Amino acid sequence: MRDGPAAQSPWQTARITRIEKRTPRVTSFFFQTSRPFAYRAGQHVDVRLTAPDGYQARRSYSIASAPETGGTIELAIEKLEDGEVSPFFHEVAAVGDEVELRGPLGGHFVWSDSDGGPLLLVGGGSGVVPLMAMVRHRALRKSAVPVALVFSARVWDEVIFRNELLGLDDRRDGFDLVLTLTREAARRPADYSRRIDAAMIVQSMARLPEPPKLAFVCGSNTFVSAAAQALIDADVPPGLIRTERYGV
Amino acid sequence: MVTRGFFSGRKPPTDTDARIPPGQYLDQGFPVLSAGPTPRVRTEDWSFTLKHGPRPVKKWAWAEFNTLPLTRMTRDIHCVTAWTKFDTAWQGVLVDDILADAGIEPPTAFTLAHSFDGYTTNVPTTDLTAGKAMVALLYEGKPITPDHGGPARLLVPHLYFWKSAKWVNGLQFTERDEPGFWELRGYHIYGDPWREQRYTGDP
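What you see as residue numbers is a count from 1 along each chain, following the sequence as written. Chains and ligands are labelled by the order in which they are written, letters from A for the one and numbers from 1 for the other. Whole-chain, interface and lining totals are the exception, using all residues; otherwise, since this is a predicted model, local features are given only for residues with pLDDT of at least 70 and side-chain atom pairs are given and counted only at 80 or more. Side-chain numbers come from the whole structure's heavy atoms, not from hydrogens or water.

Peer 1: How would you sum up helix α4 (residues 198–205) of chain A? Please name residues and give values.
Peer 2: Residues and elements named next belong to chain A. Accessibility here uses a 1.4 Å probe with only protein chains present; expressed as a share of the type maximum, an area under 20% marks a residue as buried, one over 50% as exposed, and anything in between as partly exposed. We count a stretch as a helix when DSSP gives it H or I for four or more residues in a row; a strand needs E for two or more, and each element gets its number in order from the N terminus. For α4, the complete set of buried residues consists of Met200, Ile201, Ser204 and Met205. Relative to the axis of α4, the buried residues are bounded by an arc of 130° and lie together on one face. Buried-residue contacts for α4 involve β7 (119–124), β8 (147–153), β9 (175–181) and α5 (221–233). Starting at the helix axis, one direction is taken to each C-beta atom, and the arc is that of these directions. The criterion used for residue contact is that any of the two residues' heavy atoms lie within 4.5 Å.

Right, dumping it as structure tokens:
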């Protein structure tokens, strides 16, 4: 582990420079921070919104962009119908708007290519976001670390970053994408159409040249509980598994 | 800084307002947060050890620990990820009663809590004694589920909830304030929600 105390990270304003719809429910917002913002793949930020009467709402969002991307950070935000922050982003926020942001935060669910591998990444829905930062970091660093990403989505059209992931998979450079759709048939020959289970993890790990040195699992609490158990049932030592859970 | 187009949506009634620390929101659910997979600790494998530095003072098996006096504690809890939950009802063994059973007074000013999964968190000893903290065995009258830290979790409700170590298996008195797992990873050394001590460097 390469964890150290995070530097103090006060609130700063960040301007939305670009908005890109990723799937019917997930939209990416690109932010220009007002101060230099160095981070590691897997970290998150806190976002704070303030109403005219002083009421504030804050939520944590994982960073989707790679640290190498430079001046802007990408947050891929899923719209939660009963939320109060994500509906603001989906329905109100426009390019040029400013919000307050704090970070980077989190020193455990992080990976750099210097940490080595192989790496097993397991994401459910928007839980793929911090894993995407790791995958992009690996690609931009031209890292040779073998990585398998097992990504569970309900349907093909909800596979966030789909074209980019398929493109990275096509490179055959040691990054392997395993898609599993829980409410639709698989679209690619080696993909799955069921919830993640131990057999799927065993087969996905067989694509790596040796067992993973680290595993990262991210998604809803239900997803992470089930997927982490699938990894343990597939004989991944629990001490290698790092989890990040969001939502309730 | 007022955010364009953002309006108060979920402002709680004023009578509960005073119970919500700065930057927190009220949540009716009970989210689960942990750094790794949920360990399944069987009560027959469970034990709890009190240590002074490296030296064990006393060790209890599950059955022995359950003979210690049970105390009820109903408290609001505050997670650093910004949810607050009101009136969570726990039963467990006060740290005071654990010390009494071991026949010792707190020997040092700092304590490190240990868990079955290797997790640690540091708490000043005075934040654990005088009825402030317990090793909880029941939540809402039922055994604590593994997701929420069962069979037993530390409960230090006046600090951010990462201090309430899940799957706790020991308390270790230390001479210095030794940062625990999250405290080494950017989280505040003390973690008072009312002073909003979330991250390293917060006041």
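We are not done yet, so read on.
Peer 1: Could you give an account of the sheet that holds strand β1 (residues 12–21) of chain A, naming the residues involved and the relevant values?
Peer 2: Working definition: the strands of a sheet are paired by backbone hydrogen bonds and lie parallel or antiparallel to each other. All names here are of chain A. Read from one edge to the other, the open sheet built from six strands follows the order β4-β3-β6-β1-β2-β5, with strand pairing classed as antiparallel. Each having just a single partner strand, β4 (56–62) and β5 (72–78) make up the two edges of the open sheet. Neighbour-to-neighbour, the strand axes of the sheet open up by a mean angle of 40°, direction not taken into account. Here a strand pair is declared whenever DSSP counts at least two bridges between the two strands. Across four bridges, the pairing between β1 and strand β6 (residues 98–105) is antiparallel. Residue Gln12 lies in a different strand from β6, and its bridge partner there is Leu101. Under this scheme, a helix contributes an axis fitted over its contacting stretch, all axes are lines through C-alpha atoms, and angles between N-to-C directions fall in the 0 to 180 degree range.

Peer 1: Explain the packing of helix α2 (residues 129–140) of chain A against helix α3 (residues 162–170) of chain A residue by residue, including any values.
Peer 2: Residue and element names in this part refer to chain A. The interhelical angle for the contact between α2 and α3, taken along N-to-C directions, is 40°, at an axis separation of 12 Å. In terms of axis orientation, α2 runs oblique to α3. The handedness of the crossing between α2 and α3 comes out as left-handed. Each of Met132, Val135, Arg136 and Ala139 in α2 lies in contact with α3, whose residues at this interface are Glu164, Leu165 and Leu168. Any residue outside Ala, Val, Leu, Ile, Met, Phe, Trp, Tyr, Cys, Pro, Asp, Glu, Lys and Arg is labelled polar, Gly included; the first ten of those are nonpolar and the last four are charged. Class assignment of the residues belonging to the contact of α2 with α3 gives a composition of five nonpolar, no polar and two charged. In what follows, roughly perpendicular refers to angles from 65 to 115 degrees, roughly parallel to angles under 35, roughly antiparallel to angles over 145, and oblique to any angle outside these ranges. Each crossing is labelled by how the near helix is turned from the far one, with a counterclockwise turn of less than a right angle marking it left-handed and a clockwise turn marking it right-handed.

Peer 1: An account of the side chain of Ser164 of chain B is needed here, citing residue identities and associated values.
Peer 2: Within the secondary structure, Ser164 of chain B is located in the loop between β10 (153–155) and β11 (168–174). In this structure Ser164 of chain B touches Arg153, Leu154, Leu155, Val156 and Pro157 of chain B, once residues within four positions along its chain are discounted.

Peer 1: A description of the sheet that holds β11 of chain B should follow, citing residues and the corresponding values.
Peer 2: Residue and element names in this part refer to chain B. Pairing in this open sheet of five strands is mixed, and the strands run β3-β2-β11-β6-β7 from one edge to the other. Since the sheet does not close on itself, it has two edges, and those belong to β3 (55–61) and β7 (120–124), each with one partner. Across the sheet, the mean angle separating the axes of adjacent strands is 20° when strand polarity is ignored. Here strand β6 (residues 110–115) runs beside β11; their pairing, made up of six bridges, is antiparallel. Within the sheet, the bridge partner assigned to His114 lies in β11 and is Gly170.

Peer 1: Lay out the pairing of β7 of chain B in plain terms, naming residues and giving numbers.
Peer 2: Residue and element names in this part refer to chain B. Of all the five residues making up β7, five are buried; the element is thus mostly covered by neighbouring parts of the structure. Covered by surrounding structure in β7 are Thr120, Asn122 and Pro124 together with Thr121 and Val123, the residues of both alternating faces. Alignment of β6 against β7, held across five bridges, turns out to be antiparallel. Each residue of the ladder has a partner; that of Ala113, found in β7, is Thr121. If you look at the hairpin formed by β6 and β7, you'll find four residues sitting between the two strands, and Gly118 has a positive phi there, around 95°.

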